[in-house]
Amino acid sequence: MTAQQTGIVYLEDLPQEKIYVSLKNDLFQSLNKEIRKIGIFKFARRLNVSERTINHWLTEGTLVRLDVLIQVCHHFNINYQNHISYLRGKTGGKIYNPKLPFDFTSEAGVRLIASILGDGGISKKRKIACYSNTNKDLIRGFLYDAKRVFGEVECTSWSIQKKNSIVSNVSSPPILSEVFFLLGLKAGKKVEINPHIPEFIFTLSDQHKYTFLSQFIDDEGTVNVAGKHVSLTSACLEKYGKSHLLEDIQRLLLPLDILCSIYPSKVYSSKRGEPRKTWKLQINGSIQLKKLYEYSNIRSQEKKERLYRLINSYSLTIFRRRDILETYINFMRKIQTIQGFFTSLDLANETGRAEGSCRNMIAKYQKLGIATCIQPLVLTSKGAVYGRYVLDPLI
């Protein structure tokens, strides 16, 4: 099985000619002694590798390419993985005391994947995995997750002032990108490549799925207390039709008994190429949102508090079935008297019910000829403007 299916990356899975290894002194001295007993020239010929490569490694105590190290250790029947000081690509930072194999089936692992698919990414030219956020807790979380999965990773951090906020950035060594590629992640702008969630994520426990979702909410989520919903945002080129990420998250939510809807938000042009479209995934309903709050582990304190306020904003409003028609009409008439119309959001705030439920009720009343739409839902660059309705004058 591949890493995309298992979520586990072994050192030997990596492109061996691109990975360099520094051994701990005990194993290095042991191999140095054994090779010199045979003779560097004779040993190099036996393994069909460059004599210069072996000599340079043993004489200078420098890094050795992974494919050469595997051959050497296989010859002497030695397990080298517990004797690695650090790993590195041809260039860039190192991973000290690497935690081999790299296991992404842990909570730290799924968070790391969600971070790259969220506010992170892998640059197309330099093939470097990065993560950016204005929330320092999320930056610290990313570094913590990287340490738990990989070991001591040499990362570069910097900050940029943008308008009224400071954006913190982290870039990782190129060797991390080689690992991410094996999991199915791709380099390039997410809006252009329209990435998928790695397949192994769907096979993990429910708690790990909630953890993945939590990180994506941290990065791309909005908790709307007034609208009584949680939404996730993702953009892609208009030609793709839909966001693969949001479709995959919808698939991830189904076994958790959380239903959601995906709808287009806006189309926008770009100087860099084709038109792009923003998509939103929306979760609403008191039962679903309470389950999300209970099992998720959102790091953003602000979003966590908003979700808590949201689930506690629901009031148990029970209408008698035989009176429900007249009850809703009275609410609608009350709102219309004040502002000349009513919306599904107005009705939700007045009744204490979910906005989606009120939207469905208005649609039902339209079919009955009780309510009329005077301004349909409008999607703008700033978000949605709710549809406006009025009651039939004869009601």
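The following refers to the structure shown. (Residues numbered from 1 in each chain as written. Predicted model: local features only at pLDDT ≥ 70, side-chain atom pairs only at ≥ 80, totals over all residues. Heavy atoms only, no water.)

1. Thoughts on the layout of surface pockets
Of the volumes computed, that of the largest pocket is approximately 910 Å³. In terms of lining, the largest pocket is formed by 35 residues, of which the most central are Gly118, Asp119, Gly120, Lys190 and Glu220. Those elements giving two or more residues to the lining of the largest pocket turn out to be strand S7 (120–122), strand S8 (129–133), helix H9 (190–193), helix H10 (206–220), strand S13 (229–237) and helix H13 (301–311). Along the lines of polarity and charge, the residues of the lining of the largest pocket split into 11 nonpolar, 12 polar and 12 charged. (1 Å grid on protein atoms, 1.4 Å probe; cavity = no way out; pocket = protein on both sides within 12 Å on 5 of 7 lines; lining within 4 Å. Points joined across faces, edges and corners; volume = space filled by probe spheres on them. Helix = DSSP H or I, 4+ residues; strand = E, 2+ residues; numbered from the N terminus. Nonpolar A, V, L, I, M, F, W, Y, C, P; charged D, E, K, R; others polar.)

2. A look at the pairing of S8
Side chains of S8 alternate between two faces, with Ala129, Tyr131 and Asn133 buried and Cys130 and Ser132 left unburied. Turn length for the S7-S8 hairpin, with the two strands adjacent in sequence and antiparallel, is six residues, and the turn residue Lys127 shows positive phi of about 55°. With four bridges connecting them, S8 and strand S11 (residues 165–171) associate as antiparallel partners. Among the inter-strand pairings, Tyr131 is bridged to a residue of S11, identified as Val170. (Buried < 20%, exposed > 50% of the residue type's maximum accessible area, 1.4 Å probe, protein only. Pairing = 2+ DSSP bridges.)

3. Description of the environment of Lys304
With respect to the helices and strands, the residue Lys304 is situated in helix H13. Beyond its immediate stretch of four places on either side in the chain, Lys304 contacts Tyr293 and Ile298. (Contact = heavy atoms within 4.5 Å.)

4. Details of the sheet that holds strand S10 (residues 156–162)
The four strands lie next to each other as S7-S8-S11-S10, forming an open sheet whose pairing is antiparallel. The sheet is open, and its two edges are formed by S7 and S10, each paired on a single side. Ignoring strand direction, the axes of neighbouring strands in this sheet form an average angle of 20°. Taken together, the seven bridges between S10 and S11 define a ladder with antiparallel strand orientation. Looking at S11, one finds that Thr156 is bridged to Ser171. Of the strands in this sheet, S7 and S8 touch helix H6 (residues 107–117), which is tilted by about 80° from S7. (Axes fitted to C-alpha atoms, helices over the stretch in contact; angles between N-to-C directions.)

5. Considering helix H7 (residues 136–150)
Under the 1.5 Å per step criterion, the end-to-end length of H7 is 21 Å for 15 residues, consistent within 8% with the ideal 21 Å. Taken together, the buried positions of H7 are occupied by Leu138, Ile139, Gly141, Phe142, Asp145, Ala146, Val149 and Phe150. The arc that holds the buried residues of H7, viewed along the axis, is 160°, so those residues lie on one side. Capping the start of H7, Asn135 holds a side-chain oxygen 2.8 Å from the backbone nitrogen of Asp137, two or three residues further along. Phi for Gly151, located one or two positions after H7, is positive at around 120°. (Expected span 1.5 Å × (residues − 1). Arc of directions from axis to C-beta. Polar contact = N/O pair within 3.5 Å; in protein donor to acceptor, adjacent residues only side chain to side chain.)

6. Details of the sheet that holds strand S12 (residues 221–224)
Two modes of strand pairing occur in sheets, parallel and antiparallel, and in both the strands are linked by backbone hydrogen bonds. Taking strand neighbours across the sheet as the criterion, the four strands line up as S12-S13-S15-S14 in an open arrangement whose pairing is antiparallel. Of all the strands in the sheet, the pair left with one neighbour each is S12 and strand S14 (261–270). Strand-to-strand twist of the sheet, defined as the mean angle between neighbouring strand axes without regard to direction, takes the value 25°. Alignment of S13 against strand S15 (residues 273–284), held across nine bridges, turns out to be antiparallel. In the sheet register, Cys236 faces S15, and the bridge partner there is Lys277.

7. A closer look at the nonpolar core
The biggest cluster of nonpolar side chains holds 91 residues, and the ones touching the most others in it are Ile54, Trp57, Phe104, Phe150, Phe180, Phe212 and Ile249. Counting residues per element, this core draws most heavily on H6, which supplies seven residues. Other than its neighbours up to four places away in sequence, Ile54 contacts Ile35, Ile40, Ala44, Val49, Val68 and Val72. Core analysis: the second largest hydrophobic core is formed by 16 residues, Met332, Ile335, Met361 and Ala371 among them. (Core = buried A, V, L, I, M, F, W, Y, C linked by side-chain atoms within 4.5 Å.)

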